[in-house]
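# What the coordinates show
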Amino acid sequence: MPSDVPAARQAVRVLTFLAAQAGPSPAAAVAQGLGLPRSSVYHLLSVLVDEGFVTHLPEEHRYGLGTASLALGSAYARQAPLARLARPVVARLVESTGESAHLAVLNGREVLYLVEQRAPRRPTLVTDVDVRLPAHLTASGRAVLAGLPAAQVRALFPGAAA
């Protein structure tokens, strides 16, 4: 049974919201975007600032991600847990099929390539690790999108034909 710690969940939601913005945001926009009381958002932001995950820009009355967020993202890239889990599976796939293969994950409307294994004497792949491409323009992306519920695909591509 998963544990639920509301404050932790809300702090993660604040970080996720800030990460999705083009630049720093006012606390009121964070509160509105997450449907949280403004006072709660200020408390959460204060703790996140103290811990270095958020930076307060007082002259602009805005909040953006802090250096601890960068360190966390860099640590993920360094540890690469999903790639470590997938690498042996992709290697077995290449060995059993004799074809090159890769692992790509959906990230918003893009696919992000995490693992690539080239088979001997096979044509090179046009992708590479850490490359992002529009999901609807790649075979990997289309395969992932085909497995999603129609409502989720419509949410990702609202202007596309049904």
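Since we're looking at a predicted model, the values are computed, not measured.

## Some remarks on the overall build of the protein chain
The secondary structure content of the protein chain amounts to 7 helices and 5 strands. Its helices and strands taken in sequence order, the protein chain reads α-α-α-β-β-α-α-β-β-β-α-α from the N to the C terminus. Taken over C-alpha atoms, the radius of gyration comes to 20 Å for the protein chain, far larger than the 15 Å a tight globule of 162 residues would show. Across its three principal axes, the protein chain shows a C-alpha extent of roughly 60 × 40 × 40 Å. Residue pairs in contact within the protein chain that sit at least 24 positions apart in sequence constitute 35% of those at least 6 positions apart. A total accessible area of about 10,800 Å² is found for the protein chain, and carbon and sulfur atoms account for 59% of it.

## Some details on the packing of helix 1 (residues 6-20) against helix 3 (residues 38-50)
Packing of helix 1 against helix 3 leaves a shortest axis separation of 10 Å and a crossing angle of 75 degrees. Here helix 1 lies roughly perpendicular to helix 3, going by the angle between them. Of the residues in helix 3, those touching helix 1 at A7, Q10, A11, V14, L15 and L18 are L44, L45 and L48. Among the residues making up the contact of helix 1 with helix 3, the classes are represented as 8 nonpolar, 1 polar and no charged.

## What to know about unusual backbone geometry
With a phi close to 55 degrees, H61 is a non-glycine residue in the positive phi region. A positive phi is found at D130, a non-glycine position, where the angle reads about 75 degrees. Among the secondary structure elements, D130 is positioned in the loop between strand 4 (110-117) and strand 5 (132-134).

## A few points about a nonpolar patch on the surface
On the surface, a nonpolar cluster with roughly 320 Å² of combined accessible area is contributed by Y76, L82 and L85. Locating Y76 in the fold gives a position in helix 4 (residues 67-79).

## Thoughts on the layout of surface pockets
Put simply, the largest pocket is a space of about 360 Å³. If you go around the largest pocket, you meet 15 residues; those closest to its centre are Y76, A77, L112, L114 and D130. Residue assignment for the lining of the largest pocket shows that the elements contributing at least two residues are helix 4, helix 5 (81-97), strand 3 (101-107) and strand 4. In terms of residues, the lining of the largest pocket owes the most to one element, helix 5, which gives 4 residues. By residue class, the composition of the lining of the largest pocket is 11 nonpolar, 1 polar and 3 charged. Its boundaries defined by the atoms lining it, the second largest pocket holds a volume of some 300 Å³. Together, V12, L15, T16, A19, F53, L65, S69, L70, L72 and G73 line the second largest pocket. For the lining of the second largest pocket, the elements supplying multiple residues, two or more each, are helix 1 and helix 4. Its residues placed into classes, the lining of the second largest pocket shows 7 nonpolar, 3 polar and no charged.

## Quick look at the environment of A91
Within the secondary structure, A91 is located in helix 5. On the basis of relative accessibility, which here comes to 28%, the residue A91 falls in the partly exposed class. For the pair A91 and E116, spaced 25 residues apart in the sequence, the C-alpha separation amounts to 8.9 Å.

Rules behind the numbers
Residues numbered from 1 in each chain as written. Predicted model: local features only at pLDDT ≥ 70, side-chain atom pairs only at ≥ 80, totals over all residues. Heavy atoms only, no water. Helix = DSSP H or I, 4+ residues; strand = E, 2+ residues; numbered from the N terminus. Rg over C-alpha atoms; globule rule 2.2 N^0.38 Å. Contact = heavy atoms within 4.5 Å. Areas by Shrake-Rupley, 256 points an atom, 1.4 Å probe, with all protein chains shown as cover. Axes fitted to C-alpha atoms, helices over the stretch in contact; angles between N-to-C directions. Parallel < 35°, antiparallel > 145°, perpendicular 65-115°, else oblique. Nonpolar A, V, L, I, M, F, W, Y, C, P; charged D, E, K, R; others polar. Patch = residues over 30% accessible without salt bridge, like charges linked within 9 Å, V, L, I, M, F, W, Y side chains within 5 Å. Salt bridge = Lys/Arg side-chain N within 4 Å of Asp/Glu carboxyl O. 1 Å grid on protein atoms, 1.4 Å probe; cavity = no way out; pocket = protein on both sides within 12 Å on 5 of 7 lines; lining within 4 Å. Points joined across faces, edges and corners; volume = space filled by probe spheres on them. Buried < 20%, exposed > 50% of the residue type's maximum accessible area, 1.4 Å probe, protein only.

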